[in-house]
Structures are given as C-alpha cells and as structure tokens.
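A structural walkthrough
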Amino acid sequence: MENKIKNIGCLIMLVLTTIAFPTLLLAQSTATDSLDYYIAVAVQNNPGTKAQKSAYEAYLEKIPQAGAFNDPEFSGELYPKPMDIIGGRSIANFSVMQRFPWFGARKLARMEAGYESEMQFQQYKSAIDNLILQVSLQWYEMQKLNEQINNNLEQKKSLKNLEELALRKYSSPSGSASPGMSDVLRIRLEQAEVDNNIESLKALLRSEKAKFNMLLNRDVNETVNIGNAIFKTTFLFQIEDILKSIDANNPDLLMIEKEIMAYKAKAEKDKKMSYPMLGIGVQYMLIGKTNEEMFKMGSMNGRDMVMPMVSVSLPLFRKKYHAQQNESVLWQQSNKEKRENTFNNLKSDLYGFKNQLDDAERSIALYEKQTELALTTYNLTVQEFVTGKGALTNVIQVQRQLLDYQLKKAEAIAGYNSMAVSIEKLTSFNTY
C-alpha cells in the first residue's frame, strides 16, 4: 500500500509521456498535429480529471485519520474550599486517560481507508480513460469532416475543368452538335451545390473544433491542427486477449474489487471493535497540609498523590456489532454480483463494438473499390462527352456517385477508428 501511494505522484507525468494505446495513434508530420499531443494537453488541463485527482488525494488523507488513536481524555476538579482528608487537605484532582481499541483494529481501519482511496484512484483512471475516448472520437469526427471538405474541393475542381471543356465544346466550330450553353449552366448549378456543401461542412467543422477545445479546457477559437487526411488505424483484435485485459485492467471492475476488499477489512475491524476497549491513565491529587491532628498522618501530611488508572469498556449490547459485521458481508456479496454483471456488460459492449468494427472495415473496402470503379467510369464518360458520344447528365451522375463514395469512405474510416478506440478504452488506456 505504502509503495503504491509513493508511486502515485508519478501518475500525471506517466500519462502525459506514455499514454498507453500505441495501436491507435496516427502517424503525423509534427508533434502538434497528432492525437497523442492533444490527449496530453487534455489530461493536463481538463477540469474533470483535475477534480477526480483532487478527490483521490483527499481520500489519501483519510488513511492517517483512520489509523489514529482517539484523543486522550483530560479531566480536572478544583475545590474552592479544600476538604480535610487523611494525610492533608484535598485541593484539586487531575486525570488523563488514553483509550486503546482491540489489537489490530487500527491496522484494519487503515486498510479499509486504503482500499477506499484505491477505489477513488480507479475512478480517477476511469475519468482519464473517458476523457481520452472523448478526445479521440472528437478527433476522428473532425478528420472525417476535413476529409469530406477535401473531397468536395476535388469535386469543385473537377467541375471547373468540366466547365472549361463544355465552353470549348460550345465555342468550337462543331459546337452545333452539343446542347450548347445549357451544359455550362448545368455544371454551374452543380458548382453552386458543391460550394454550399463545402460551407456547411466548414461550419460544422468549426463547431466540432470548439467542442474539441472545450475538452482541452482551451479557448473555443484556439487553432486545432488535424492533418490533411484521415487514415485507418492499425488495430490488432484478439478477442481472448482483450477479454483478459478487460478483466485485469478495466477501472470499473477494479473499483468494485477494491470496494469488496474495503468491506472485508471493515467486517474484520467491526469484529475487533466488538471486543473490550482498554483505557490507561493516571490521576494526580494535589494535597495541601492540614492542621487537624487526627488527619496529619505524620510525614504524609500534605504529600501529593499519583495513582495509575485502568478502564475496560464492556460491549454488552452485541446485536449492533453483529449487525455491522453482517452488513459488511452482505455488501461484499452485493459487489461480487455487481462485478459479474459489470463484466458481462463490458463483454456485451465489446462484441457490439467488434461487430461495428467489422462492418466499418467491410465498408471501407467496398467504398475503395467503388471509388476506383467510379473514377474509371468518370474518365470514360468525360471522354464520351468531349467526343459527343455521351451526355453531360451521365458525367454529372457518375461524378456525384464518385463524391458519394468518397464521403462514405471517410465516414467509414472515422467509424472504424472510433470503434477501435472504444474497444481500447474497455481495456483501459492506463495499464500501469
């Protein structure tokens, strides 16, 4: 316990330098446009994780409190009119008493508080994991929008080239064979729609960047560098390994385990507290001299007295102590069932994420193939349009399909990355 507490001070630095999910980090050109950079900033700045860290540190302060002795009891009596007693006159009495719980009770109280602090530490880890997940999902959403803006910009460029081809065709000596200026206007209508799409996506991206900056506890207008393209992350999925990692590392499960151990220590402590409590003290009697011959007692006249004292509590009302112990046992059983239920829910989430991951992977492959075919088809339809063998409608239709496949591909990649990071979160990003 003590070694662990000493090592906790390294937590934040460890998080900032070695966020433990290397399979999900995108290869970027500079440090400031990478996901791991922004995660480090978020962990350092986010007020939610700071609050959890302070709560954990507050729980650590409970450990010395739980292991402390009760304050000693002091009492005093002062007699304004001293009483004659054998050997003098009683002026005042003072006593100090220290009570001690049954052997081992203080150690068990510290253990209980220690496990409670470890519960709070797991909650802190869970808060970091949730923050990393939120930052990652927001990052992939921004990359998706940025990719879709680039797709629309490519579409706009293609339409511009197509417009130039249509103008040449319209102004050529053989232009009588074409529909004429209507083709140019039709292309410009498409350009206007693409321009509107670009502006809508840019507005949405600005909104998502503002949300992203709030996760990092920064100004909403702070610059966010998300790179130029979105890439499918490398994620190696082995169901058995992931289940073992969830069972061993998931902070929600570990939190419940620490709670079980805390209640176990509490039950043992309550049993110790049901035994007698020993008190050891001393009494000091301040005695003045007396003039009464019958009370003088020779050399004892006026001599102060010191008397050791011992007290023992009598825990006669056993019902409350038995109830305390039974309560802790029932809470242990409750948390064991809770852990099993939580693990089942996590497994259910895992299989759900895995299904969505596989769907996204199939979609990526499909859209890549469709994009390749659509691009080839587009080039052919453009040639047919230029030579007068095909209509502009065919070109625009294929061009729309090409853009649609590109947009869906970006969405599928973002979905794949999101599912991968969601699975990684189940095993906890912080595996230390």
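Anything mentioned here points back to the structure above.
Notes on the structure in this doc start here.

Cut-off values and rules
- Residues numbered from 1 in each chain as written.
- Predicted model: local features only at pLDDT ≥ 70, side-chain atom pairs only at ≥ 80, totals over all residues.
- Heavy atoms only, no water.
- Pairing = 2+ DSSP bridges.
- Helix = DSSP H or I, 4+ residues; strand = E, 2+ residues; numbered from the N terminus.
- Axes fitted to C-alpha atoms, helices over the stretch in contact; angles between N-to-C directions.
- Phe/Tyr/Trp six-rings, centres within 6.5 Å; stacked < 30°, edge-to-face > 60°.
- Buried < 20%, exposed > 50% of the residue type's maximum accessible area, 1.4 Å probe, protein only.
- Lys NZ or Arg CZ within 6 Å of the ring centre and 35° of its normal.

An order of 1-2-3-4 is seen for the four strands of this open sheet, with the pairing classed as antiparallel. The sheet is open, and its two borders are formed by strand 1 (73–85) and strand 4 (305–312), each paired with just one other strand. Between one strand axis and the next, the sheet turns through 20° on average, direction left out of account. Judged from the eight bridges that link them, strand 3 (residues 278–288) and strand 4 form a sheet pairing that is antiparallel. Paired with Y284 across the two strands is V306, which belongs to strand 4.

Turning next to the packing of aromatic side chains. Within a pair of aromatic rings, the relevant descriptors are the distance that separates the centres and the angle that separates the planes. Within the structure shown, the criterion is met by eleven aromatic pairs. The interplanar angle of 80° and the centroid separation of 5.3 Å between the aromatic rings of F69 and F100 together place this pair among those described as edge-to-face. Within this pair, whereas F69 is found in the loop between helix 5 (62–66) and strand 1, its partner F100 is found in strand 2 (residues 88–100), the two being separated by 31 residues in sequence. The class of F100 is partly exposed, set by a relative accessible area of 29%. Judged by centre distance (5.4 Å) and plane angle (70°), the rings of W102 and Y275 are edge-to-face. Of the two residues, W102 is situated in the loop between strand 2 and helix 6 (105–171) and Y275 in the loop between helix 9 (251–273) and strand 3; the sequence distance between them amounts to 173 residues. Of the residues examined, W102 reaches a relative accessible area of 32% and is grouped as partly exposed. Y275 sits in the partly exposed class, given a relative accessible area of 30%. Each member of the aromatic cluster is reached from another via a ring pair, and the members are Y37, Y38, W139 and F212. When the ring centre of F69 is taken as origin, the NZ or CZ atom of R106, which lies over that ring, is 3.9 Å away.

Excluding glycine, most residues fall at negative phi; most peptide bonds, likewise, are trans. A positive phi angle is found at N217, which is not glycine, with a value near 60°. Of the residues examined, N217 reaches a relative accessible area of 46% and is grouped as partly exposed. In the Ramachandran plot, S428 falls in the positive-phi region, its phi being about 75° despite a non-glycine side chain. With respect to the helices and strands, S428 occurs in the segment after helix 12 (392–426). For S428, a relative accessible area of 1% gives the class buried.

By themselves, these figures tell us nothing about what the structure is for.
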